[in-house]
Amino acid sequence: MASTTLSSAFTLLSRPSTSPSPTASLPRSSLAVPHSRRGRRAVAVASTATESPKILELGDAIAGLTLEEARSLVDHLQERLGVTAAAFAPAAVVAAPGAGGAGAAEEEAPVEKTEFDVVIEEVPSSARIATIKVVRALTSLALKEAKDLIEGLPKKLKEAVSKDEAEDAKKQLEEVGAKISIV
């Protein structure tokens, strides 16, 4: 209800006064016209059969407000209901893609990678046993799991480790002849 009331208030208040009447084609009986006061324009609103008299009365009261009064009403409703007018704006308007331009790209600093994966790319057949020993030392894998790991390469040995730990594992595995990459 609050969103409908706020949306109606924004719609009614944002209509230009020089535009032709949007209700010219509607029968006179379907129009609800608020009382016109000095310095204010009357706005006709089409009603539907499902609107309650209370809603129509609220709509009429809101339509009769000055811009200053409407702003105060919006502020009051935002504070009382804990919402913002931006919550009722279409998502395309709020977060238009590319709206920031080059300035937004400059503001975002590149995020430095803190987690790395150690990938065994290749193990020569002459270095298989030594590589299995190093793999077991670096991980808690049993002999069979370590052997299965170095078959069917490339495979990840360690995931989401620090840069130092990844460099250390790479150094140990390259010393025994394995080709390693850090991703």
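Residues numbered from 1 in each chain as written. Predicted model: local features only at pLDDT ≥ 70, side-chain atom pairs only at ≥ 80, totals over all residues. Heavy atoms only, no water.

### Some words on the overall build of the chain
A count of helical and extended segments in the chain gives 8 helices and 5 strands. From first element to last, N terminus to C terminus, the chain shows the α and β order α-β-β-α-α-α-α-β-α-α-β-α-β. Out of the 183 residues in the chain, the part that is buried amounts to 23%. Within the chain, residue pairs in contact and separated by at least 24 positions form 64% of the contacts whose partners lie at least 6 positions apart. As presented, the chain carries roughly 12,800 Å² of accessible surface, and 55% of it is formed by carbon and sulfur atoms. (Helix = DSSP H or I, 4+ residues; strand = E, 2+ residues; numbered from the N terminus. Buried < 20%, exposed > 50% of the residue type's maximum accessible area, 1.4 Å probe, protein only. Contact = heavy atoms within 4.5 Å. Areas by Shrake-Rupley, 256 points an atom, 1.4 Å probe, with all protein chains shown as cover.)

### Structural notes on a negative patch on the surface
There is a patch of like negative charges on the surface, built from Asp164, Glu167, Asp168, Glu174 and Glu175. Of note, glutamate 175 is situated in helix H8 (residues 163-175). (Patch = residues over 30% accessible without salt bridge, like charges linked within 9 Å, V, L, I, M, F, W, Y side chains within 5 Å. Salt bridge = Lys/Arg side-chain N within 4 Å of Asp/Glu carboxyl O. Lys, Arg positive; Asp, Glu negative; His and termini not counted. Charge placed at Lys NZ, Arg CZ, Asp CG, Glu CD.)

### A few points about the nonpolar core
Membership of the largest hydrophobic core comes to 18 residues, with the highest contact counts inside it found for Val118, Ile120, Val135, Leu157 and Leu173. For isoleucine 120, the contacting residues outside a window of four places in its chain are Val135, Leu149, Ile150, Leu153, Pro154, Lys155, Leu157, Leu173, Lys179 and Ile180. (Core = buried A, V, L, I, M, F, W, Y, C linked by side-chain atoms within 4.5 Å.)

### Comments concerning the sheet that holds strand E4 (residues 155-161)
Strand order in this open sheet of 3 strands is E4-E3-E5, and the pairing throughout is antiparallel. Every other strand in the sheet has two partners, leaving E4 and strand E5 (179-182) as the edge strands with one partner each. Going from strand to strand, the sheet's axes swing by 20 degrees on average, the running direction of each strand aside. Strand direction decides the pairing type here: strand E3 (residues 116-122) and E5, joined by 4 bridges, are antiparallel. Bridging from a neighbouring strand, valine 119 pairs with serine 181 of E5. Across the sheet, H8 lies against E3, E4 and E5, angled at about 170 degrees from E5, the strand it touches most. (Pairing = 2+ DSSP bridges. Axes fitted to C-alpha atoms, helices over the stretch in contact; angles between N-to-C directions.)

### Let's talk about the confidence of the model for the chain
Detailed reading of the predicted coordinates is not advisable wherever pLDDT falls low. Taken residue by residue, the chain gives an average pLDDT of 73. The fraction at 70 or more is 59%. Ignoring residues within four places in sequence, the model shows residues 12-38, a span with pLDDT below 50, making 38 contacts including any to other chains. (pLDDT = per-residue confidence, 0-100.)

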